[in-house]
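Here's the letter readout for the chains.
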Amino acid sequence: MMDCNNIYKILIDLWVGDSKEAEDMAKECLSSLRGDVDKIRKNIKEIKQQVQADFLLPKALRDKGVSTEDILKISMYELARRAAIFSGPSKVKKNEILKYSLINMEEKLILKGTCERCKGYRYAELTNGFLVVMDDLIYAESRSKDEDRIVGEITKILYSLREK
């Protein structure tokens, strides 16, 4: 699972909309797991055919040596596979603290972003909107269409949450 250490970063990049970087990391993860996953799936399929009821499957898997790590490998493989085929907005912007994408709705502007080294939960009111920060995930909405002002307000708030 060495090349899948960035699975959290893949999910964050998909949240922001940076699908190209997420796709590249996901492909590395897929290639590192492909051989193991094929063997594990084949083994599980054979065991599943031998059990009479689904509730007996976990015990049968344990008895035949399928470990928690094997199940996690399959799960990570599936997550990486889905991330590799995801296509999202590619207009990701960055400043000194914030990586974000904007969704321009008719009535409001939505910002989805990330802030490295930001820790904690924070809710704040913006000019004509709000901001929610949970560790490094950011979601904001504003009725204002002034992107520079909104990003400036958010950046100022994020500096207070950033680890030194």
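Below, the structure is looked at part by part. (Residues numbered from 1 in each chain as written. Predicted model: local features only at pLDDT ≥ 70, side-chain atom pairs only at ≥ 80, totals over all residues. Heavy atoms only, no water.)

## Overview of the side chain of Lys99
Turning to step 1, where the next piece is worked out: Relative to the assigned elements, Lys99 resides in strand S2 (residues 99–104).
Turning to step 2, where the next piece is worked out: At 3.1 Å, the side chain of Lys99 and the side chain of Asp13 are in polar contact.
Turning to step 3, where the next piece is worked out: Ignoring sequence-local partners within four residues, the contact set of Lys99 consists of Lys9, Asp13, Val16, Asp18, Glu21, Val92, Lys93, Lys94, Lys112, Gly113 and Thr114. (Helix = DSSP H or I, 4+ residues; strand = E, 2+ residues; numbered from the N terminus. Polar contact = N/O pair within 3.5 Å; in protein donor to acceptor, adjacent residues only side chain to side chain. Contact = heavy atoms within 4.5 Å.)

## As for the packing of helix H1 (residues 7–16) against helix H4 (residues 68–85)
Turning to step 1, where the next piece is worked out: The contact between H1 and H4 brings their axes to 11 Å, and the two run at 30°. When the interaxial angle is binned, H1 and H4 end up roughly parallel. When you trace H1 past H4, the crossing you get is left-handed. Contacts from Ile7, Ile10, Leu11 and Leu14 in H1 reach Met76, Leu79, Ala80 and Ala83 in H4.
Turning to step 2, where the next piece is worked out: When the residues that make up the contact of H1 with H4 are grouped by side-chain class, the tally is eight nonpolar, no polar and no charged. (Axes fitted to C-alpha atoms, helices over the stretch in contact; angles between N-to-C directions. Parallel < 35°, antiparallel > 145°, perpendicular 65-115°, else oblique. Left-handed = near helix turned anticlockwise from the far one by under 90°. Nonpolar A, V, L, I, M, F, W, Y, C, P; charged D, E, K, R; others polar.)

## Topic: H1
Turning to step 1, where the next piece is worked out: All buried positions along H1 are accounted for by Ile7, Ile10, Ile12, Asp13, Leu14 and Val16.
Turning to step 2, where the next piece is worked out: Looking at the buried side of H1, the elements it contacts are helix H2 (19–50), H4, S2, strand S3 (109–114) and strand S6 (137–142).
Turning to step 3, where the next piece is worked out: Immediately downstream of H1, the backbone of Gly17 shows phi near 110°, a positive value. (Buried < 20%, exposed > 50% of the residue type's maximum accessible area, 1.4 Å probe, protein only.)

## Regarding the packing of H1 against H2
Turning to step 1, where the next piece is worked out: Contact geometry of H1 with H2 gives a least axis separation of 8 Å together with a crossing angle of 155°. It follows that H1 is roughly antiparallel to H2 by the angle criterion. The handedness of the crossing between H1 and H2 comes out as left-handed. Between H1, through Lys9, Ile10, Asp13 and Leu14, and H2, the contact on the second element is made entirely by Ser19, Glu21, Ala22, Met25 and Ala26.
Turning to step 2, where the next piece is worked out: Tallied by class, residues from the contact of H1 with H2 come to five nonpolar, one polar and three charged.

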